Amino acid sequence: MIESGTFIEMDGELVGRIEMVNKNTLLIRKATKVFLNDKEIVALNPEAVYVNRELIESAYWIKLIRANTWISESLDLKNRRELIGKCLNM
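Just so you know, these numbers come straight off a predicted model, no measurement behind them.

K.L.:
What is the right way to look at the overall build of the protein in this model?
P.N.:
Assigned secondary structure in the protein consists of two helices and six strands. Taken from the N to the C terminus, the helices and strands of the protein come in the order β-β-β-β-α-β-β-α. The burial tally for the protein puts 34% of its 90 residues in the buried class. Sequence separation of at least 24 residues holds for 49% of the intrachain contacts in the protein that already meet a minimum separation of 6. Accessible surface, the protein: about 6,500 Å² in total, of which carbon and sulfur atoms supply 50%.

K.L.:
Can you walk me through the nonpolar core in this structure?
P.N.:
Taken as a class, soluble globular proteins show a tendency for nonpolar side chains to be buried jointly. In this structure, Ile2, Ile8, Ile18, Leu26, Ile28, Val51, Ile56, Ala59 and Ile62 together form the largest nonpolar core, which totals nine residues. With residues near it in sequence (within four places) discarded, isoleucine 2 still touches Ile18, Val21, Leu26, Arg53, Ile56, Glu57 and Leu64. Counting residues in hydrophobic clusters, the runner-up holds six residues, among them Leu14, Ala31, Val42 and Leu44.

K.L.:
Before we go on, may I ask you to explain the pairing of strand E1 (residues 7–10) in this structure?
P.N.:
Along any regular strand, the residues point their side chains to alternate faces of the sheet. Examined bridge by bridge, E1 and strand E2 (residues 13–21) share four bridges and lie antiparallel to one another. Following the sheet pairing, phenylalanine 7 is matched in E2 by arginine 17. Between E1 and E2, which pair antiparallel in sequence order, lie two residues; one of them, aspartate 11, sits at a positive phi of approximately 55 degrees. For E1 and strand E5 (residues 62–65), the ladder comprises four bridges, and the chain directions are antiparallel. From the neighbouring strand, phenylalanine 7 faces E5, where its bridge partner is isoleucine 65.

K.L.:
Could you clarify how one ought to interpret unusual backbone geometry in this entry?
P.N.:
Trans peptide bonds make up most of the peptide bonds, and negative phi angles are found at most residues other than glycine. In this structure, aspartate 11 takes a positive phi of about 55 degrees despite not being glycine. Structurally, the position occupied by aspartate 11 is in the loop between E1 and E2. Among the residues examined, aspartate 11 registers a relative accessible area of 76% and is labelled exposed.

Scoring rules and cut-offs
- Residues numbered from 1 in each chain as written.
- Predicted model: local features only at pLDDT ≥ 70, side-chain atom pairs only at ≥ 80, totals over all residues.
- Heavy atoms only, no water.
- Helix = DSSP H or I, 4+ residues; strand = E, 2+ residues; numbered from the N terminus.
- Buried < 20%, exposed > 50% of the residue type's maximum accessible area, 1.4 Å probe, protein only.
- Contact = heavy atoms within 4.5 Å.
- Areas by Shrake-Rupley, 256 points an atom, 1.4 Å probe, with all protein chains shown as cover.
- Core = buried A, V, L, I, M, F, W, Y, C linked by side-chain atoms within 4.5 Å.
- Pairing = 2+ DSSP bridges.

So, in structure tokens, the structure goes:
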């Protein structure tokens, strides 16, 4: 069953998190895995798209991952230099 907060992985790469579930559509927010202070987190971007729910449910190459697998944090685009520096240990 698809529920809000579930992560979506395609071809072994994290692509987003389901933010809202409706009868026919899903709102998916773009997400990226990053390492911050030796901890793997999911950075959530502000961009989101509506996707046909049937497409996600029927696609065998799309993997749904329970929300408690990673810690998720919102990505602050105002401080992206600082975030990139932390991710690259600069």
